[in-house]
Amino acid sequence: MFLIASSKQSEKMKKALWFNLVLAALLCAGCAQESKDTEGMVDTHHPERPNVLFIMVDDLGYGDVGYQGSEIKTPNIDALAAQGTVLKHGYAYPICSPTRAALMTGKNPLEFGIDGPMENDAMLPLDQTTLAEKFQQGGYQTWMVGKWHLGMGQKAAMPHNRGFDDFYGFLGGFVDYYTHVYFGGLDWQHNGTSIREKGHATELLTNRAVETLKNYNGNKPFFMYLSYNAPHTPLQYVPHPTVDYSAIDNPDRRVFAQLTTDVDAKIGDVLATLKETGLDKNTLVVFMSDNGGNLEGGANNGDFIGGKGRAFEGGIRVPIVVYWPDNIASGSMGTPMFPQDWMPTLLDAAGIPYSVDEFEGVSLLSALKTKESKPISRAVVIGTAKSKSVIEWPWKLINEDGKRYLFNLAEDATEQHNLISENPAIVESMAHLLASEKSTLPSKGAKGPPPESLFRKADGSFDYDVRKPETREPWAESAQ
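Bear in mind the structure is a predicted one, so any value in this text is a computation, not a measurement.

A.B. asks: Which parts of the structure should I look at to understand the nonpolar core?
C.D. replies: For soluble globular proteins, nonpolar side chains are generally found buried alongside one another. Ranked by size, the top nonpolar core spans 106 residues in total, and within it Phe54 and Trp342 carry the most contacts. At nine residues, the largest contribution of residues to this core is made by helix 6 (residues 251-276). Leaving out residues up to four positions away in the same chain, Trp342 has contacts with Phe54, Leu87, Leu103, Val286, Met288, Ile320, Val322 and Met337. Of all hydrophobic cores here, the second largest spans 25 residues; its members include Tyr93, Ile382, Leu397 and Phe407.

Following this line, the structure appears as C-alpha cells:
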C-alpha cells in the first residue's frame, strides 16, 4: 500500500532527503579515503573457497604449549587455540615422514613402506596424488615453505614437482639452523636450485612466508604448507632469545624452550600478516606438530606415556588447532582425527570434489563445525615398524618389541592400565587388524644414526653452539 504525505509531512520528508544526501556524500568521501588508505590490499573474497594455511612444527610435545599448561611461553599458539577449535584427540604418526605422507595422500603411509624417518634415497611413491596437486586441480595457488622429508634423491620427488607452484626450504629430516647443512650437504633451496643465505632457519622460513602473503595477488585462493623444523634437534641457541628460561633445570629443555618460543613468535608474524592484509577473514588455519615430543631432545608430552617413535599416546597425541572465522566456532572437538583425515577435510572446506574411495581418511569438517565428540566407527593403524598400534575407539592395541598392550582410551587416556588379559576377544580381533596392515613395499625408514647423535659432544651432552660445515655436494644438485 502506498501512503500520500500531507504538505507538512512533505516538508519534513524534503529535509530528511536533503540530510540523507549530505550524509551519503560524506560517507562516499570516507569510502574514497578508506580506499586510498587500503590501497595495495588484495581482494580476499573467495566465497566458499577459503585460503588454507597449514602450519606444521617438528617434535613439539603435547605438554610443550602454553594452553596445555606448559612453562614454555607460546602466546601466539595459545591465542589461536583460544579463538579456534582445539582437537582433544588429535593424532599424528610417531615419526615425521609417516605423518607428512598421510597428510599429502589421505592414506595410511605404512602401506607405502613409510614406517619411519625416510631414507635419503626413498620417496613418496610418484603414483600418489598429493594434497597440493588436488588443490592445483581445484584452481588454487600452492606454496610450500619449509621441511619436506618425503624424498630428496630424485628431482621428481621434490615438492615443486609434486604439486607446489613454489617451494622454498629443505628436503631432509633436519638441518643445522645456521649453516643449513644436512649430513654434510647444503640442504636449502628454491625450486630445485640450492641457495646460500645467512640467517636462522626459523627466521628465513618466516620471512619467505610473510613475503609470499604480502605479494599475493588474490587472483586465486591459495594453499600454503608452512612446515617449520623447530623445535627439532639440533638444539642450538636461537639468535635473539626473548624469554629467560634459566629457572628450568634441564639445559636441553632450556634450549628446546627457546626454540619453541622463537617459532611461536614467528608464527605470530605470519598470522599478523594475514590480518594486516585482510586475508585472515577468509583463511582456514591449521596448526599441528608432526609427532609427539622427542624426550631426548628436551620435549615434554604431559601426562602421556612415551614420546617420539612410540605408538603410546605420548608419541602420537599432538597439539592441533583449527581456526576459520565465521565457519568454525571456538571450542574443542572430541572426535579423534588422524593425519590422513586432513586431505578430505580440507578439500571439503575448499569445495574441491573427490571420490571417498580415494582416501583412507575421512572428512571431519562437519565434526569441526558442530564440535562433535562421537567417534567414527573405524579401525586406524598408526605407528612405526618398531612400535605399532590400532585404534578402534575407545580401544587401542599396541605391539612394541613383541609385547602387547590394550587400553580403553575413553576411561584411561594416559594408558595406565593394560587390559590385555581381561579382553581376549577384543585383543584377537584387533591383533588381526594389526597383522593385516603390512606394506607390500620394502621399508623406506632411515637406517643411519639418529640426528641427535650428530650434535653431541664427547661426553654425550648437546653442543648448543655447533655449526655443521659442508663436506659434500648440495642435495638439490646431487639429485638424479
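A.B. asks: Would you explain the pattern of salt bridges in this entry?
C.D. replies: Opposite charge on two side chains allows them to pair when their charged atoms are near. On inspection of all chains with the given rule, the structure shows 15 salt bridges. We note a salt bridge from Glu71 to Arg253, for which the minimum N-O separation is 2.9 Å. A residue pair is termed long-range when its members are at least 10 positions apart, and Glu71 in the loop between strand 1 (51-57) and helix 2 (75-83) and Arg253 in helix 6 qualify at 182 residues. Put simply, Asp290 and Arg100 hold a salt bridge, and the shortest N to O gap is 2.9 Å. With Asp290 in the loop between strand 10 (283-289) and helix 7 (313-316) and Arg100 in helix 3 (residues 96-105), this residue pair connects regions lying 190 residues apart in the sequence. Each member of the pair, Asp290 as well as Arg100, is classed as buried.

A.B. asks: Is there a simple way to explain the packing of helix 2 against helix 6 in this structure?
C.D. replies: Helix-helix packing is characterised by the crossing angle of the two axes and by the distance between the axes. At a minimum axis separation of 7 Å, helix 2 and helix 6 run at an interaxial angle of 55 degrees. In terms of axis orientation, helix 2 runs oblique to helix 6. In this structure, helix 2 uses Pro75, Asn76, Ile77 and Leu80 to contact helix 6, whose residues at the interface are Asp264, Ala265, Ile267, Gly268 and Leu271. Its residues assigned to classes, the contact of helix 2 with helix 6 comprises six nonpolar, two polar and one charged.

A.B. asks: Please clarify how the confidence of the model for the protein should be interpreted in this entry.
C.D. replies: Detailed reading of the predicted coordinates is not advisable wherever pLDDT is low. Predicted confidence across the protein gives a mean pLDDT of 90, with 88% of residues reaching 70 or more. Taken together, the stretch residues 1-46 has pLDDT below 50 and engages in 22 contacts with residues farther than four places along the chain or on a different chain.

A.B. asks: Would you take a moment to explain the side chain of Glu400 for this structure?
C.D. replies: Turning to its location among the elements, Glu400 is positioned in strand 15 (residues 395-400). Within the structure, the side chain of Glu400 is placed 2.8 Å from the side chain of Ser387, a separation counted as a polar contact. Ignoring any residue separated from it by four or fewer positions in sequence, one finds Glu400 in contact with Arg310, Ala311, Phe312, Lys386 and Ser387.

A.B. asks: Help me understand the sheet that holds strand 16 (residues 403-408), please; the structure alone is not making it clear to me.
C.D. replies: For sheets, the rule is that strands pair by backbone hydrogen bonds, running either parallel or antiparallel. Read across the open sheet, the four strands follow the order 13-14-15-16; overall the sheet is antiparallel. In this open sheet, the two strands that pair with only one neighbour each are strand 13 (380-383) and strand 16. Adjacent strand axes in the sheet meet at a mean angle of 20 degrees when their direction is disregarded. With six bridges joining them, strand 14 (residues 387-392) and strand 15 adopt antiparallel strand pairing. By the bridge assignment for strand 15, Val390 is matched with Leu397.

A.B. asks: Teacher, can you tell me more about the environment of Ser194 here?
C.D. replies: Relative to the helices and strands, Ser194 is located in strand 8 (residues 193-194). Each C-alpha atom of the pair Ser194 and Tyr168 lies 9.8 Å from the other, and the pair is 26 residues apart in sequence. When near neighbours in sequence (up to four residues on either side) are disregarded, Ser194 contacts Leu186, Trp188, Gln189, Pro474, Ala476 and Glu477. Polar contacts involving the side chain of Ser194 include one to the side chain of Glu477, which spans 2.5 Å.

A.B. asks: Would you mind showing me how to read the packing of aromatic side chains here?
C.D. replies: Taken as a whole, this structure holds 24 aromatic pairs when the rule is applied. Judged by centre distance (5.6 Å) and plane angle (85 degrees), the rings of Phe54 and Trp342 are edge-to-face. Here Trp342 lies in helix 8 (residues 342-350) and Phe54 lies in strand 1, a separation of 288 residues in the sequence. Assigned by exposure class, Phe54 and Trp342 land together as buried. For the pair Tyr216 and Phe222, a centre-to-centre distance of 5.0 Å together with 85 degrees between the ring planes defines the contact as edge-to-face. A relative accessible area of 2% means that Tyr216 is categorised as buried.

About the criteria used
- Residues numbered from 1 in each chain as written.
- Predicted model: local features only at pLDDT ≥ 70, side-chain atom pairs only at ≥ 80, totals over all residues.
- Heavy atoms only, no water.
- Core = buried A, V, L, I, M, F, W, Y, C linked by side-chain atoms within 4.5 Å.
- Buried < 20%, exposed > 50% of the residue type's maximum accessible area, 1.4 Å probe, protein only.
- Helix = DSSP H or I, 4+ residues; strand = E, 2+ residues; numbered from the N terminus.
- Contact = heavy atoms within 4.5 Å.
- Salt bridge = Lys/Arg side-chain N within 4 Å of Asp/Glu carboxyl O.
- Axes fitted to C-alpha atoms, helices over the stretch in contact; angles between N-to-C directions.
- Parallel < 35°, antiparallel > 145°, perpendicular 65-115°, else oblique.
- Nonpolar A, V, L, I, M, F, W, Y, C, P; charged D, E, K, R; others polar.
- pLDDT = per-residue confidence, 0-100.
- Polar contact = N/O pair within 3.5 Å; in protein donor to acceptor, adjacent residues only side chain to side chain.
- Pairing = 2+ DSSP bridges.
- Phe/Tyr/Trp six-rings, centres within 6.5 Å; stacked < 30°, edge-to-face > 60°.

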